[in-house]
Amino acid sequence: MVSLKTPEQIEKMKIAGRLAADVLEMIAPHVVPGVSTGELDRLCHDYIVNVQHAVPAPLNYHGFPKSICTSVNHVVCHGIPAETKILKDGDIINIDITVIKDGWYGDTSKMFYVGEVKPHLARLCDITQECLYKAIDIVKPGTRLGDIGELIQKYAESNHYSVVREYCGHGIGDVFHEDPQVLHYGKAGTGLELREGMTFTIEPMINLGKRHTKLNQKDGWTVTTKDGRHSAQWEHTLAVTADGCIVLTARPDEPYYNV
Ligand code: MF3
Ligand code: CO
Ligand code: CO
């Protein structure tokens, strides 16, 4: 069942979304060669709890042990921060932040370059961001979820990348993950038709090589590419309005930012 949010509820999601976006801005200068992902987790955790007076949603979510997800290079998603994981020059990393404020969720992630990144990896990150932006640009009442999936798949595959299928975007509100599932591949003209008041994430995971993933059986969380090649992801939380959408997690440097 897909829930519709009232304007009052969307105002609360705007606050949570803004906080999640602020965490990504706060952490940016710390993403440098030599820092551990454990340190990035600590900085985000303390900022969310002590400065924002909010709750880091991943912590203890179905047993997830940390407050953010840090997915480096061939890690697709749900990477677990660790003191032993030291970032090095040339790495790419996705940092995924979800905060709960006043009972409402905001979920967003972006790629960061660690030092100097090779052009083919920077391009993977850029095209993945464009996949998200192109999808956002068609979100309005009447658009169907298959329109979003096909657009992302076509753009990624036309650049000779592949789209991860095992993980997808999701409805979000006063719970972390709810209906609908937002696939990043598919067929235009199919699937749920969007309506004003729907709130969901779009979070394409795009691979340099083949689309297949593998779950780390030891930690139960870390998802990597099967072929070991790099993967990128960008995520925003959106609310469908009468004539388009609001990007609830937009940062000031993005075209969707609304003060
Ligand atoms: N933030 C992720 C998402 O975009 C979910 C992380 S769940 C966790 O849906 F438990 F790994 F944190
Ligand atoms: Co999400
Ligand atoms: Co997320």
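Use the structure listed above.
So what exactly am I meant to see when it comes to the overall build of the protein here?
Secondary structure assignment for the protein yields 4 helices and 15 strands. For the protein, whose C-alpha radius of gyration is 17 Å, the value lies close to the compact-globule estimate of 18 Å for 259 residues. Its C-alpha atoms give the protein principal-axis dimensions of about 45 × 45 × 35 Å. Burial analysis of the protein (259 residues in total) assigns 54% to the buried set. For the protein, the proportion of contacts with a sequence separation of at least 24, taken over those separated by at least 6, is 71%. Summing over all exposed atoms, the protein offers an accessible surface of approximately 11,300 Å²; the carbon and sulfur share of this is 53%. Charged side chains in the protein number 26 positive and 33 negative. The centres of these two groups are separated by 7 Å.

Sorry if this is basic, but what is going on with the coordination of the cobalt ion (ligand 2) here?
Each angle at a metal carrying four tetrahedral donors should ideally be 109.5 degrees, and each at a metal carrying six octahedral donors should ideally be 90 or 180 degrees. Donor atoms from the polypeptide that bind the cobalt ion (ligand 2) are Asp107 (OD), His170 (NE2), Glu203 (OE) and Glu235 (OE), placed at 2.0 to 2.2 Å. Coordination at the cobalt ion (ligand 2) is irregular, judged from the 6 donor atoms that bind it and the angles of 52 to 160° they form at the metal. Within one chain, the residues serving as donors to the cobalt ion (ligand 2) are arranged as D-x62-H-x32-E-x31-E. Between the two metal centres, the cobalt ion (ligand 2) and the cobalt ion (ligand 3), the spacing is 3.3 Å, with Asp107 acting as a shared donor. Taken together, the positions of Asp107 in strand S5 (residues 104–113) and Glu203 in the loop between strand S9 (199–202) and strand S10 (205–207) put the pair 96 residues apart, joining distant regions of the chain.

Hey, could you run me through the coordination of the cobalt ion (ligand 3) in this one?
Around the cobalt ion (ligand 3), the protein supplies Asp96 (OD), Asp96 (OD), Asp107 (OD) and Glu235 (OE) as donor atoms, at distances of 2.1 to 2.3 Å. Of note is the cobalt ion (ligand 3), whose 6 donor atoms meet at the metal with angles of 58 to 166° in an arrangement that counts as irregular.

I keep staring at helix H4 (residues 145–158) and nothing clicks. Help me out?
Think of an α-helix as turning once every 3.6 residues; residues three or four places apart then point the same way. For H4, which comprises 14 residues, the first-to-last C-alpha distance of 20 Å matches the rise-based estimate of 20 Å (1.5 Å per residue) to within 8%. Those residues of H4 lying buried are Leu145, Gly146, Ile148, Gly149, Glu150, Ile152, Gln153 and Ala156. The inward-facing, buried residues of H4 abut helix H3 (119–136), strand S6 (162–163), strand S8 (178–182), S9 and S10. Positive backbone phi, at 65°, marks His160, one or two positions downstream of H4.

Which parts of the structure should I look at to understand the packing of helix H1 (residues 7–27) against helix H2 (residues 37–51)?
Helix packing geometry: the angle between the two helix axes and the distance between the axes. Following both chains from N to C, one finds H1 and H2 inclined at 135°, their axes separated by 10 Å at the closest point. Classified by the interaxial angle, the pair formed by H1 and H2 is oblique. For the pair H1 and H2, the sense of crossing is right-handed. On H2, the residues that touch Asp22, Val23, Met26 and Ile27 of H1 are Leu40, Leu43, Cys44, Tyr47 and Ile48.

Explanation requested: the site of ligand 1 in the structure shown.
For ligand 1, the set of nearby residues contains 14 residues, the closest of which are Pro58, His170, His177, Glu203 and Glu235. Asp96 places a polar side-chain atom, nitrogen or oxygen, 3.1 Å from a nitrogen atom of ligand 1. Note that a nitrogen atom of ligand 1 is positioned 3.4 Å from one of the side-chain N or O atoms of Thr98. Protein coverage of the free-state accessible area of ligand 1, which is 340 Å², stands at 97%.

Sorry, what's going on with the nonpolar core here?
In a soluble, globular protein the nonpolar side chains are often hidden away together inside. One finds Val139, Ile148, Leu194, Phe200, Ile202 and Ile206 to be the most contacted residues of the largest nonpolar core, which totals 34 residues. Looking at this core, the elements that each hand over two or more residues are H3, H4, S9 and strand S14 (236–240). Broken down by element, the residue count for this core peaks at 10 residues, all from H3. Setting aside its immediate chain neighbours within four residues, Phe200 contacts Val139, Ile148, His170, Gly171, Ile172, Val182, Leu194, His236, Thr237, Leu238 and Val240.

Quick question: what am I supposed to make of the packing of aromatic side chains here?
For any pair of aromatic rings, the description rests on two quantities: the centre-to-centre distance and the angle between the ring planes. Counted under the stated rule, the structure contains 4 aromatic pairs. Between Tyr61 and Phe176, the ring centres sit 4.7 Å apart and the planes meet at 50°, which makes this aromatic pair tilted. On the criterion of sequence distance, the pair formed by Tyr61 in the loop between strand S1 (55–56) and strand S2 (69–72) and Phe176 in the loop between strand S7 (169–171) and S8 is long-range, its members being 115 residues apart. The exposure class assigned to Tyr61 is partly exposed, which follows from its relative accessible area of 26%. Given a relative accessible area of 8%, Phe176 falls into the buried group.

Reading guide: rules and limits
- Residues numbered from 1 in each chain as written.
- Chains lettered and ligands numbered in written order.
- Predicted model: local features only at pLDDT ≥ 70, side-chain atom pairs only at ≥ 80, totals over all residues.
- Heavy atoms only, no water.
- Helix = DSSP H or I, 4+ residues; strand = E, 2+ residues; numbered from the N terminus.
- Rg over C-alpha atoms; globule rule 2.2 N^0.38 Å.
- Buried < 20%, exposed > 50% of the residue type's maximum accessible area, 1.4 Å probe, protein only.
- Contact = heavy atoms within 4.5 Å.
- Areas by Shrake-Rupley, 256 points an atom, 1.4 Å probe, with all protein chains shown as cover.
- Lys, Arg positive; Asp, Glu negative; His and termini not counted.
- Charge placed at Lys NZ, Arg CZ, Asp CG, Glu CD.
- Donors = N, O, S within 2.8 Å, 3.2 Å for Na, K, Ca; no water.
- Tetrahedral: all angles 85-135°; square planar, octahedral: opposite > 155°, others 65-115°.
- Expected span 1.5 Å × (residues − 1).
- Axes fitted to C-alpha atoms, helices over the stretch in contact; angles between N-to-C directions.
- Parallel < 35°, antiparallel > 145°, perpendicular 65-115°, else oblique.
- Left-handed = near helix turned anticlockwise from the far one by under 90°.
- Near = heavy atom within 4 Å.
- Polar contact = N/O pair within 3.5 Å; in protein donor to acceptor, adjacent residues only side chain to side chain.
- Core = buried A, V, L, I, M, F, W, Y, C linked by side-chain atoms within 4.5 Å.
- Phe/Tyr/Trp six-rings, centres within 6.5 Å; stacked < 30°, edge-to-face > 60°.

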